[in-house]
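Read off the chains here:
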Amino acid sequence: MFDDLIFALKNFRRNKVRSILSLLGIIIGVASVIVITSLSQSATKSIKDSYNSASLDIVRVSAGFMSRRRNAAITFDETFRQDLFNSVKDIKQIQYTNNMSATLAKDDLTVNATATAVEYGYFDMYGYKIEKGTDFNVSDNVTGQQKIIIGSKIAEALFENQEPIGNVITLVSNNVTFSFEVCGVLAPAVASNDANDNSVFVPRGFYAKKIMPSPAASAVLVQCVSQEKSVQVADNIKSFITELTGNEYAANVSSMQAMLEQYEEVSGTVSLMLSGIAAISLLVGGIGIMNIMIVTVTERKKEIGIRKALGASPNVIRLQFLMESVIITVLGGILGIIFGIGISAIVAAVMEQSFAIQASACFVAFGFSVGIGIIFGFSPASQAAKLNPVEALTTE
């Protein structure tokens, strides 16, 4: 077999142009599959990277549509929180939040922002880092302290080169003015979906005491015991609320993990379809290899006749020509993977996406190309093996 390999490589050197043309179809086919699957994988990775990984275990619940049926509405109060925690498994904690539009002022500088009233543990749950100062403590929430944590861009806008921690700013909401002490500044957002650079946060205890006594939450944030449980927990919460109200639209329940899984499923299906289309070029390349091998057999009839006359068996002749066909597809597969990875990396860099390669796609494309070499090379190789040595020697 080693002698057949050496002989095949020498034959490629004698027919360089023909060998290159044979390789092109395989290279293009394999590279196409790699590029398509890689770009799909890179897009999925970029979307995942754009979200804070700590938020993938959180299910968000907000009010849905009203219904004319009695008791169809839902109120996010303490009774709901307790019932939800006791009824749905795999819940780690439940946080309530309320939002209000606000205008922040410091001296002559003003900024419009959305103020979110949060409970103790909110920032740890989302994995948000406080760059300066401290988080709210339990006492701040219970007593309704007028402390505020601001985003990095809010800090830049209001304080410019000043130190924000310990300073007092004015917050105006619903034409009511409050004074707040800045106790913390959030670190700049890493994930693109984090809008906290332009947000401000106050203790929910303050909201309950000064804005709306005993308020129902505008949003419920349910942290699951793990990311893997979030999709199932979201479904269970939907079922719980539907059973509680008799209205399946009483609340909107969303899970970022579920959305990412749906995207991966859709992108995987599309990638598979496009890869199948790209694989057609591999079949075309295989047909080209068959045609070239048939021509090669015709041109080398006298050589085949000499080898048979010297005692070469049909299996030896078949293996020789099959080896040449397989070598073409092996080289084409390797070069196709190299070119495919290179093109994918360039496209990902141009599009400013995370670069990712699907290893399984590389192995499948390479295996498919080798399989094509065997399938489409077998017929010409068998044709060579069946030649009559006398007729082959008399061929001009």
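The rules behind these values
Residues numbered from 1 in each chain as written. Predicted model: local features only at pLDDT ≥ 70, side-chain atom pairs only at ≥ 80, totals over all residues. Heavy atoms only, no water. Axes fitted to C-alpha atoms, helices over the stretch in contact; angles between N-to-C directions. Helix = DSSP H or I, 4+ residues; strand = E, 2+ residues; numbered from the N terminus. Parallel < 35°, antiparallel > 145°, perpendicular 65-115°, else oblique. Left-handed = near helix turned anticlockwise from the far one by under 90°. Contact = heavy atoms within 4.5 Å. Nonpolar A, V, L, I, M, F, W, Y, C, P; charged D, E, K, R; others polar. Salt bridge = Lys/Arg side-chain N within 4 Å of Asp/Glu carboxyl O. Buried < 20%, exposed > 50% of the residue type's maximum accessible area, 1.4 Å probe, protein only. Phe/Tyr/Trp six-rings, centres within 6.5 Å; stacked < 30°, edge-to-face > 60°. Lys NZ or Arg CZ within 6 Å of the ring centre and 35° of its normal. pLDDT = per-residue confidence, 0-100. Core = buried A, V, L, I, M, F, W, Y, C linked by side-chain atoms within 4.5 Å. 1 Å grid on protein atoms, 1.4 Å probe; cavity = no way out; pocket = protein on both sides within 12 Å on 5 of 7 lines; lining within 4 Å. Points joined across faces, edges and corners; volume = space filled by probe spheres on them.

Caption draft 1: Summary view of the packing of helix H9 (residues 256-299) against helix H12 (residues 359-385). For the pair H9 and H12, interaxial distance at closest approach is 9 Å and the crossing angle is 25°. Considering the angle they form, H9 stands roughly parallel to H12. Taken as a pair, H9 and H12 cross one another with a handedness that is right-handed. Residue-level inspection shows Ala-279, Leu-282, Leu-283, Gly-286, Ile-287, Met-290, Met-293, Ile-294 and Val-297 of H9 in contact with H12, the latter providing Phe-368, Ser-369, Ile-372, Phe-376, Ser-379, Pro-380, Gln-383 and Ala-384. Taken together, the residues that form the contact of H9 with H12 break down as 13 nonpolar, 4 polar and no charged.

Caption draft 2: Spotlight on the pattern of salt bridges. This model, assessed by the stated rule, comprises 4 salt bridges. Glu-119 is the partner of Arg-204 in a salt bridge, and the nearest nitrogen-oxygen pair spans 3.5 Å. With Arg-204 in helix H7 (residues 204-211) and Glu-119 in the loop between strand E3 (109-118) and helix H4 (122-126), this pair connects stretches of sequence that are 85 residues apart. Overall, the relative accessible area of 12% leaves Glu-119 in the buried class. A salt bridge links Asp-140 to Lys-147; the shortest N-O distance between them is 3.4 Å. Overall, the relative accessible area of 23% leaves Lys-147 in the partly exposed class. Connected through shared salt-bridge partners, Glu-78, Arg-81, Glu-119 and Arg-204 make up one network.

Caption draft 3: Looking closely at the packing of aromatic side chains. On inspection of all chains with the given rule, the structure shows 11 aromatic pairs. The interplanar angle of 50° and the centroid separation of 5.2 Å between the aromatic rings of Tyr-122 and Tyr-126 together place this pair among those described as tilted. Residue Tyr-122 and its partner Tyr-126 are both found in helix H4; the two are separated by 4 residues, about one turn of the helix. In this pair, the class of Tyr-122 matches that of Tyr-126, namely buried. The lysine or arginine in question, Arg-81, covers the ring of Tyr-96, its NZ or CZ lying 4.0 Å from the ring centre.

Caption draft 4: Representation of the confidence of the model for the protein in the model. Residues of the protein with pLDDT of at least 70 account for 89%, and the chain-wide mean is 83. At the level of individual helices and strands, the protein shows its lowest average pLDDT in helix H1 (residues 2-14), which scores 62, and its highest in strand E5 (residues 147-150), which scores 94.

Caption draft 5: Region of interest: the nonpolar core. Counting residues in hydrophobic clusters, the biggest one holds 26 residues, and the most contacted among them are Val-30, Ile-304, Ile-317 and Phe-321. At the level of elements, helix H2 (16-49), H9, helix H11 (314-350) and H12 are the ones that each hand at least two residues to this core. Ranked by the residues each element gives to this core, the list is headed by H12, at 7 residues. Residues within four places of Val-30 in sequence aside, it is in contact with Leu-282, Gly-333, Gly-336, Ile-337, Ala-365 and Ser-369.

Caption draft 6: Spotlight on the layout of surface pockets. Taken as a whole, the second largest pocket encloses approximately 400 Å³ of empty space. Along its surface, the second largest pocket is lined by 22 residues, and Thr-37, Ser-271, Ser-275, Gln-358 and Ala-361 are the ones closest to its centre. The element that contributes the greatest number of residues to the lining of the second largest pocket is H9, accounting for 8 residues. Broken down by class, the residue content of the lining of the second largest pocket amounts to 9 nonpolar, 10 polar and 3 charged.

Caption draft 7: Spotlight on the environment of Gly-268. With respect to the secondary-structure elements, Gly-268 resides in helix H9. Considered as a pair, Gly-268 and Gln-41 are 227 residues apart in the sequence and their alpha carbons are 8.4 Å apart.

Caption draft 8: How the structure looks around the environment of Cys-362. With respect to the element layout, Cys-362 can be found in helix H12. Residue Cys-362 is classed as buried on the basis of its relative accessible area, which comes to 12%. Sequence separation between Cys-362 and Val-30 is 332 residues, and the spatial gap between their C-alpha atoms is 8.2 Å. When neighbours within four sequence positions are excluded, Cys-362 is seen to be in contact with Ile-34, Ile-337 and Ile-357.

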